[in-house]
Amino acid sequence: MVYLTFFKQEKYLHEKEHKEGLRLLEYAIKEEYGIEKLPKIEKGIHGKPYFIEGGPYFNISHTKGIAVCALGEIEVGIDVEQIRGISESMEKRVLSKEEREWVSGKEREEAFIRLWTLKESYVKATGQGLTMNFSKISFQFLNNKKDGQILCNQKGYCFYQQKIGTDAYLALCLKTTEIPEEMKKLHILF
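Description of the structure in this document. (Residues numbered from 1 in each chain as written. Predicted model: local features only at pLDDT ≥ 70, side-chain atom pairs only at ≥ 80, totals over all residues. Heavy atoms only, no water.)

Here we have three strands laid out as an open sheet, ordered β6-β10-β9, and antiparallel in their pairing. If you trace the sheet from one side to the other, it starts and ends with β6 (76-82) and β9 (158-164), each paired once. Neighbour to neighbour, the strand axes of the sheet diverge by 15° on average, direction disregarded. By the bridge criterion, seven bridges tie β6 to strand β10 (residues 168-174) in an arrangement that is antiparallel. (Pairing = 2+ DSSP bridges. Helix = DSSP H or I, 4+ residues; strand = E, 2+ residues; numbered from the N terminus. Axes fitted to C-alpha atoms, helices over the stretch in contact; angles between N-to-C directions.)

Here you go:
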């Protein structure tokens with residue numbers, strides 16, 4: 001399941017956002033599994049969090065005033081980012097040649113964030129984190145509709161993406177061949 005919350009934030013404070021993400025995870029694990037207290041969390045080699053005692057897979061992400069978490073029985077990665085300005089050097093470092101061509105024909109910042117959130121969700125699902133060369137992960141959109149198919153050159157994973165409001169994107173990655181419909185429904189808390 002995917003949970004999302006909005007919270008008031010006067011200025012960017014990473015610690016506050018992270019705490020909101022953990023609060024959301026605590027709520028989600030209680031709702032989905034009946035677990036009253038958030039289990040102890042450890043991090044893998046590249047920073048992927050997991051419950052020490054076992055249990056469902058999970059992942060959290062946050063950006064200015066938004067926190068999301070995904071929870072399920074298979075490897076999962078989630079990312080949320082606000083649309084913002086980007087540099088050409090960042091584009092060259094992160095995007096494949098084909099993606100750079102696609103970005104040049106679209107609203108540049110929005111197209112970049114769509115690709116960035118997908119890549120981030122993938123490396124979070126796989127546990128590789130920022131150690132992976134993002135330009136080696138390449139995405140293609142079969143159409144630009146909300147439920148359009150997203151293709152990736154990395155096999156064994158599937159993706160879902162949704163725009164949040166007017167200025168943010170959420171991307172979900174699962175180690176499976178198809179995103180279950182229940183994972184496309186956002187459980188929104190205020």
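After that view of the structure, there is still more to cover.
The N-to-C vectors of helix α3 (residues 97-104) and helix α4 (residues 108-126) enclose an angle of 145°; their axes lie 8 Å apart at closest approach. Seen from α3, the contacting residues are E99, W102 and V103; seen from α4, they are R108, A111, F112, R114, L115 and K119. Its residues placed into classes, the contact of α3 with α4 shows five nonpolar, no polar and four charged. (Contact = heavy atoms within 4.5 Å. Nonpolar A, V, L, I, M, F, W, Y, C, P; charged D, E, K, R; others polar.)

To continue, consider the packing of aromatic side chains. Going through the model one piece at a time under the given rule, you end up with eight aromatic pairs. When the centroid spacing of 4.8 Å and the interplanar angle of 90° are considered together, the rings of F139 and F159 count as edge-to-face. Within this pair, whereas F139 is found in strand β7 (residues 139-141), its partner F159 is found in strand β9, the two being separated by 20 residues in sequence. According to the relative accessible area criterion, F159 is buried, its value standing at 8%. Site record: aromatic cluster; members linked through ring pairs are Y122, F139, Y157 and F159. Note that R114 overlies the ring of F141, its terminal NZ or CZ placed 4.1 Å from the centroid. (Phe/Tyr/Trp six-rings, centres within 6.5 Å; stacked < 30°, edge-to-face > 60°. Buried < 20%, exposed > 50% of the residue type's maximum accessible area, 1.4 Å probe, protein only. Lys NZ or Arg CZ within 6 Å of the ring centre and 35° of its normal.)

In this structure the tally under the stated criterion is eleven salt bridges. Ionic pairing is found between R108 and E91, a salt bridge with its closest N-O pair at 2.5 Å. Of the two residues, R108 is situated in helix α4 and E91 in helix α2 (residues 88-94); the sequence distance between them amounts to 17 residues. For R108, a relative accessible area of 28% corresponds to the partly exposed category. Among the residues examined, E91 registers a relative accessible area of 9% and is labelled buried. A salt bridge links E99 to K119, with the nearest nitrogen and oxygen atoms 2.7 Å apart. (Salt bridge = Lys/Arg side-chain N within 4 Å of Asp/Glu carboxyl O.)

What follows deals with the sheet that holds strand β11 (residues 186-189). Strand order across the open sheet formed by four strands is β4-β5-β1-β11, with mixed pairing between neighbours. In this open sheet, the two edge strands, each paired with only one partner strand, are β4 (57-63) and β11. Strand-to-strand, the axes of this sheet are offset by a mean angle of 20°, without reference to chain direction. Across the face of the sheet, helix α1 (residues 14-33) comes into contact with β1 (2-6), β4, β5 (66-72) and β11 while running at roughly 35° to β5.

Examined against the element boundaries, E31 turns out to sit in helix α1. Put simply, E31 and M1 are 30 residues apart on the chain and 10.0 Å apart in space, counted from C-alpha to C-alpha.

Further remarks concern the environment of E109. Among the secondary structure elements, E109 is positioned in helix α4. The class of E109 is partly exposed, set by a relative accessible area of 30%. C-alpha of E109 to C-alpha of T126: the two residues are 17 residues apart in sequence and 26 Å apart in space. Those residues in contact with E109, other than ones at most four positions away along the chain, are I83, R84, G85 and I86.

Just distances and angles here, no functional claims.
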